[in-house]
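Survey of secondary and tertiary structure
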Amino acid sequence: MHFEKLSSIARFKAACPYLKTTTTTMLRSLCTTASARYPNLSQLTEKASGCPIMGPTLAARSSQLQARSYASVAGNAEIQHLHRNTDMFNPKAPGIEKCPHAAAARRAAEMADALADSQKKKAATAATVEKPAVADQAKPFSYEKFYATELEKKHQDKSYRYFNNINRLANKFPVAHTGATEEEVTVWCANDYLGMGKNPVVLDTIHRTLDKYGHGAGGTRNIAGNGAMHLSLEQEVATLHRKEAALVFSSCYVANDATLSTLGSKLPGCVYFSDSMNHASMIQGMRHSGAKKEIFKHNDMEDLEMKLRQYPKETPKIIAFESVYSMCGSVGPIEKICDLAEQYGALTFLDEVHAVGMYGPRGAGVAEHLDWEAQKRAGQSPDTIKGSVMDRVDIITGTLGKAYGAVGGYIAGSTDFVDMIRSYAPGFIFTTSLPPATVAGAQASVAYQKEYLGDRRLQQLNARTLKSRLAELDIPVIPGPSHIVPVLVGDAALAKAASDSLLTDHGIYVQSINYPTVARGEERLRITPTPGHTVEQTMRMVAAVDETFTRLGIRRLKDWKAVGGRAGVGSPDAKPVSPIWTDEQLGLLNNTSPVQLKDGEKAIVDARAGRIAQERFKRLLGPVQKPVYHPPSLFNPTPLAIPAAIAAAA
């Protein structure tokens, strides 16, 4: 009989929001389990009594059952069926149960009473909500209990974030000490990709600025916080991307949030088209704008075009995407997205946060890198290269806190666009400006990297080497063409355990990445080699990961292949992935590639790039009293034996 009820209920799933979102297994359980408060009702009937549609219907049915006997409700056919099957009376049943009519009537009356009681209690509860209890009688809300409950949810689903005490040492990069100053570890997961946070040219600029201008900015950009250093940095960033103007924010999270929320709220009827793997700052900005949003599958141009096609060309549209996706290392198809944007009348919003400083002959990002020769020939000219990929992108956002080793974020685009954001974005207007010393250090870093290829070349070579060594040991590296080395673990608890073990047992710091940053089942260790990681440190890192995987029983590449693959690892249809940097661009073909450091060797600081960067500050800070960089003679151009690009299927 319960299956017949379930079949009847299933017919109304499309019309009822509750039934639609409740599984068949749960519905079966609710149908067959008595209510704890009203034993004569099923749990499903009790829930239905609170429904705005079913509640009044059940109440009416309850009144009918109370006013009329079961027989009058049942009808002749049901009575005849009852007579045939029971012979009218059941001689073995006690009391009223001997008469099936009387027993059924009593059960109907009990059910009606229970329904009525349920309705009365719900009405009383509603009245209590409408008329709060006297303050001195009510219990206050338990805020601490609420906090504890929310935290427990994080612990239960293994998404609770742990923050290690890691203090990077400028003179020992990439070494840091933990909470105990004598305990040192090697950092393999920092976003200071090029080690610019300890670059002596940058540090000298910061010291000189601090001595002259002090620590804080003094206010917002509109109130005492708009200095020559800020304006100079914005000009530096604008020329980096060969755009008309730029605007600096306290972080790129704020830059993305403020820009996207302002644009979406100001453009009439604006529609966002957002890659499914976009960063939280972009998602938040689009949400804050109140504009409509269409999410397209990651790097899927067919899906993007299908969604663009649904809107008239005159509708304002913005395609928001990234160049390098930081958790998996994949790269956005910038040229193809620009093609679709031009075809359907959309703006392009490109987040180059994990690419600036890392790609291109001047470090302007992947958009610059895609036109390597043309951008290289143009040198440091601020003029746009018409038709280039970087020119075709309308809005570029970047950070000063990753490859440039500082803090802050920015947008770059047309003069009017930048001025509109400057004039309307609360995230810019009402925030205290970055300190002058921080801004000066950031500009020195950008200017230095514009002139020097060596750091990003060596970083890419070290990333290739690490990927190759891990692949030799069947360690599952998620394939990608960028500098990021994500190692798949596939389990939140194991990823945390691996991270803890590497730190405590091997003195290696690699943070685990769990949900919601990545999908459940795709938890990983995110490794980021730098130019400062030595040959010996790399060997120790590979050996430590191998030992940890073995001891904890973490799946290897062959294990992922056996189950059909995950996150691009071990997939049967995997195709080779070519790195963004070619062998020629890395200097491997003409013996100009940099050499990986060995323990005890100092990192190269390019004299020419250092002088040019320091020249930027001569008017404000005066001439440099003594050089802080190593002479060029320390640079050894002998090429490092680097393996070929690692294929995804390797």
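Quick look at the structure, then. (Residues numbered from 1 in each chain as written. Predicted model: local features only at pLDDT ≥ 70, side-chain atom pairs only at ≥ 80, totals over all residues. Heavy atoms only, no water.)

**Observations concerning the overall build of the chain**
Within the chain one finds 27 helices and 14 strands. Contacts spanning at least 24 positions in sequence make up 69% of the contacts within the chain whose residues lie at least 6 apart. Within the structure as shown, the chain displays about 31800 Å² of accessible surface, and the carbon and sulfur contribution to it stands at 55%. (Helix = DSSP H or I, 4+ residues; strand = E, 2+ residues; numbered from the N terminus. Contact = heavy atoms within 4.5 Å. Areas by Shrake-Rupley, 256 points an atom, 1.4 Å probe, with all protein chains shown as cover.)

**Overview of the pairing of strand β6 (residues 292-296)**
Looking at chain direction, strand β5 (residues 271-275) and β6 are connected through 5 bridges and run parallel. The residue of β6 that forms the bridge with Tyr272 is Lys293. As a crossover connection, the stretch from β5 through helix α13 (residues 280-289) into β6 is right-handed. (Pairing = 2+ DSSP bridges. Right-handed = clockwise from strand over helix to strand, strands pointing away.)

**Thoughts on the packing of aromatic side chains**
Applying the stated criterion across every chain yields a total of 8 aromatic pairs. A ring pair is formed by Trp372 and Trp581, whose centres lie 5.2 Å apart and whose planes are at 70°; its orientation type is edge-to-face. One end of the pair, Trp372, is in helix α17 (residues 372-378); the other, Trp581, is in the loop between α25 (557-562) and α26 (607-615), with 209 residues separating them in the sequence. Relative to Tyr452, the ring of Tyr448 lies with its centre 5.7 Å away and its plane at 65°, an arrangement referred to as edge-to-face. Both residues of the pair, Tyr448 and Tyr452, belong to the buried class. (Phe/Tyr/Trp six-rings, centres within 6.5 Å; stacked < 30°, edge-to-face > 60°. Buried < 20%, exposed > 50% of the residue type's maximum accessible area, 1.4 Å probe, protein only.)

**Remarks on the sheet that holds strand β8 (residues 346-351)**
Here we have 7 strands laid out as an open sheet, ordered β4-β10-β9-β8-β7-β5-β6, and mixed in their pairing. Edge positions in the sheet fall to β4 (245-249) and β6, since each has one partner strand and no second. Sheet twist, expressed as the mean angle between neighbouring strand axes with direction ignored, is 20°. Pairing geometry for β8 and strand β9 (residues 395-399), over 3 bridges, is parallel. Along β9, the bridge assignment pairs Phe349 with Ile395. Against the sheet, helix α11 (residues 228-240) contacts β4 and β10 (409-413), and its axis sits at roughly 125° relative to β4. Along the sheet, helix α19 (residues 415-424) contacts β4, β9 and β10; its crossing angle with β4, the most-contacted strand, is approximately 25°. (Axes fitted to C-alpha atoms, helices over the stretch in contact; angles between N-to-C directions.)

**Structural notes on the packing of helix α12 (residues 252-266) against α13**
With their axes 7 Å apart at the nearest point, α12 and α13 run at an angle of 30° to one another. Taken together, the axes of α12 and α13 are roughly parallel relative to one another. Here α12 and α13 pass one another in a crossing that is right-handed. Counting all contacts with α12, which are made through Cys252, Tyr253, Asn256, Asp257, Leu260, Ser261, Gly264 and Ser265, the residues of α13 involved are Ala280, Ser281, Met282, Gln284, Gly285, Met286, His288 and Ser289. Taken together, the residues of the contact of α12 with α13 break down into 6 nonpolar, 9 polar and 1 charged. (Parallel < 35°, antiparallel > 145°, perpendicular 65-115°, else oblique. Left-handed = near helix turned anticlockwise from the far one by under 90°. Nonpolar A, V, L, I, M, F, W, Y, C, P; charged D, E, K, R; others polar.)

**Overview of the pattern of salt bridges**
Per the counting criterion, the structure on display carries 24 salt bridges. Lys450 is paired through a salt bridge with Glu236; the nearest N and O atoms lie 2.8 Å apart. A residue pair is termed long-range when its members are at least 10 positions apart, and Lys450 in helix α21 (residues 436-451) and Glu236 in helix α11 qualify at 214 residues. Judged on exposure class, the residue Lys450 and its partner Glu236 are both buried. Put simply, Glu236, Lys450 and Arg616 are held in one network by salt bridges that share partners. (Salt bridge = Lys/Arg side-chain N within 4 Å of Asp/Glu carboxyl O.)

**A few points about α11**
Each α-helix winds once per 3.6 residues, and so residues spaced three or four apart point in a common direction. Its 13 residues place the ends of α11 18 Å apart at the C-alpha level, agreeing with the 18 Å of an ideal helix rising 1.5 Å per residue. Listed as buried for α11 are Met229, His230, Leu233, Glu234, Glu236, Val237, Ala238, Thr239 and Leu240. As for α11, its buried residues are in contact with α10 (200-213), β4, α18 (389-392), β10, α21 and α27 (618-621). Within two residues after α11, Arg242 carries a phi angle of roughly 50°, on the positive side. (Expected span 1.5 Å × (residues − 1).)

**Quick notes on the packing of α10 against α21**
Packed helix pairs are characterised by how far apart their axes lie and by the angle those axes make with each other. Close contact between α10 and α21 brings their axes to 8 Å; oriented N to C, the two are set at 150°. Regarding the angle of α10 to α21, the classification is roughly antiparallel. Classified by chirality, the crossing of α21 by α10 is right-handed. Residues Val201, Val202, Thr205, Ile206, Thr209, Leu210 and Tyr213 of α10 touch α21, and the partners they reach there are Pro436, Ala437, Ala440, Gly441, Ala444, Ser445 and Tyr448. A class-by-class count of the residues in the contact of α10 with α21 yields 10 nonpolar, 4 polar and no charged.

**Remarks on the pairing of β9**
The element β9 is extensively covered by neighbouring structure, given that 5 of its 5 residues are classed as buried. Burial along β9 is two-sided: the residues Ile395, Thr397 and Thr399 and Ile396 and Gly398 are all buried. Bridge count between β9 and β10: 4 bridges; the pairing is antiparallel. Its bridge partner lying in β10, Thr397 is registered against Ile411.

**Observations concerning empty space enclosed by the protein**
Which parts of space are left empty comes out when a probe the size of a water molecule is rolled across the atoms. Inspection of the entire model under this criterion finds 3 cavities of 30 Å³ or more. In this structure, the second largest cavity encloses a volume near 90 Å³. In terms of lining, the second largest cavity is formed by Arg221, His230, Val248, Phe249, Ser250, Gly427, Phe428, Thr431, Thr432, Ser433 and Leu434. Counting only elements with at least two residues in the lining of the second largest cavity, the list comes to β4 and α20 (426-429). Here the lining of the second largest cavity is composed, by residue class, of 4 nonpolar, 6 polar and 1 charged. (1 Å grid on protein atoms, 1.4 Å probe; cavity = no way out; pocket = protein on both sides within 12 Å on 5 of 7 lines; lining within 4 Å. Points joined across faces, edges and corners; volume = space filled by probe spheres on them.)

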